[in-house]
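Each chain is listed here by its residues.
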Amino acid sequence: MELISFEIPRTQADHTPIVIAPLGDIQWAGKKGSTATDTLKRHIDRALELNAWFVGLGDYLDFLSPSNRQRLRAAALYDTADDVIEDKALDLVQELYDEFLKPTKGRWLGLLQGHHFANLRSGETTDQRLCQLLGTTFLGTCAYIRLQFVISKSTRASVTIWAHHGCGGGMKTAAPLNKIENIAPYWDADLFLMGHMTK
């Protein structure tokens, strides 16, 4: 669990809304993959128009689910094969950044880890490498993000965001809301964000 804070300068006369743009479950697998690229571009463009702050909710790549990582480890591949796989994973990170996320650099509150990522030989993950490209904080699997609004020397306000990638499934449209409703009493937050179910 991470706890990070951001100070956002405001004045009493400033009534511009602060926009938070969750972004996750992109599941980029390259140009032949199934990512809804037009929808992704529209979401990013609109968020940038609104001067939004982004929160990454995980599953940026569609590469190596938990069961795939387990099978890959069990394969006991040669180092050269591992190098090729790692190079491809890093190529996908760079593609995602270059094709879609580069304009958002400097506008991120942090990125959560999802289920789909690759472990790198350095001990990092592809999600952590994406954080480096975006100049933001890796939040692990769950985080509190506190936005502190500095209105004057003596006046401050804050909003606390609880963010999690999510887990499990749900057949009905309300499944994500039901999960959040079940956990909300146990976490002190003003805003709850969860990805995973892409609903």
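Below or above, wherever it landed, is the structure these notes cover. (Residues numbered from 1 in each chain as written. Predicted model: local features only at pLDDT ≥ 70, side-chain atom pairs only at ≥ 80, totals over all residues. Heavy atoms only, no water.)

As a further point, take the nonpolar core. Among the nonpolar cores identified, the biggest contains 26 residues, and Leu23, Leu96, Leu101 and Leu130 are the most heavily contacted of them. Listing elements by their share of this core, those giving two or more residues are β2 (20-23), α1 (37-49), α3 (79-101), β4 (108-111) and α4 (126-134). With seven residues, α3 is the largest single contributor of residues to this core. Not counting the four nearest positions on each side in its chain, Leu101 is found in contact with Leu23, Ile44, Leu96, Trp108, Leu130 and Leu134. One finds Leu112, Leu147, Phe149 and Ala163 within the second-largest nonpolar core, a separate group that totals 15 residues. (Core = buried A, V, L, I, M, F, W, Y, C linked by side-chain atoms within 4.5 Å. Buried < 20%, exposed > 50% of the residue type's maximum accessible area, 1.4 Å probe, protein only. Helix = DSSP H or I, 4+ residues; strand = E, 2+ residues; numbered from the N terminus. Contact = heavy atoms within 4.5 Å.)

Glancing now at α1. Taking 1.5 Å of rise per residue, the 13 residues of α1 would be expected to cover 18 Å, and the 18 Å separating its terminal C-alpha atoms lies within 8% of that figure. Listed in full, the buried residues belonging to α1 are Leu40, Ile44 and Ala47. In a view along the axis of α1, the buried residues occupy a sector of 65°, so they form one face of it. The outward face of α1, more than 90 degrees from its buried face, is lined by the exposed residues Asp38, Arg42 and Glu49. In this fold, the buried residues of α1 make contact with β2, β3 (53-56) and α3. Backbone geometry just downstream of α1 places Asn51 in the positive-phi region, at approximately 55°. (Expected span 1.5 Å × (residues − 1). Arc of directions from axis to C-beta.)

As a further point, take the packing of aromatic side chains. Throughout the structure, instances matching the rule amount to three aromatic pairs. Consider the rings of Trp28 and Phe100, whose centres lie 5.2 Å apart with planes at 70°: the pair is edge-to-face. Residue Trp28 is found in the loop between β2 and α1, and its partner Phe100 is found in helix α3; the two are separated by 72 residues along the sequence. Note on Trp28: relative accessible area 2%, which makes it buried. Residue classification places Phe100 among the buried residues on the basis of a relative accessible area of 5%. When the ring centre of Trp53 is taken as origin, the NZ or CZ atom of Arg107, which lies over that ring, is 3.9 Å away. (Phe/Tyr/Trp six-rings, centres within 6.5 Å; stacked < 30°, edge-to-face > 60°. Lys NZ or Arg CZ within 6 Å of the ring centre and 35° of its normal.)

The subject of this paragraph is empty space enclosed by the protein. Counted according to the given criterion, the structure contains one cavity of 30 Å³ or more. Of the voids in this model, the largest cavity is the one considered here, and its volume is about 30 Å³. As for the largest cavity, its lining consists of Tyr60, Leu61, Val93, Leu96, Thr126, Asp127 and Leu130. Elements with a contribution of two residues or more to the lining of the largest cavity: α3 and α4. By residue number, the principal contributor to the lining of the largest cavity is α4, which donates three residues. Partitioned by chemical class, the residues of the lining of the largest cavity number five nonpolar, one polar and one charged. (1 Å grid on protein atoms, 1.4 Å probe; cavity = no way out; pocket = protein on both sides within 12 Å on 5 of 7 lines; lining within 4 Å. Points joined across faces, edges and corners; volume = space filled by probe spheres on them. Nonpolar A, V, L, I, M, F, W, Y, C, P; charged D, E, K, R; others polar.)

Any link to function would need more than the numbers given here.
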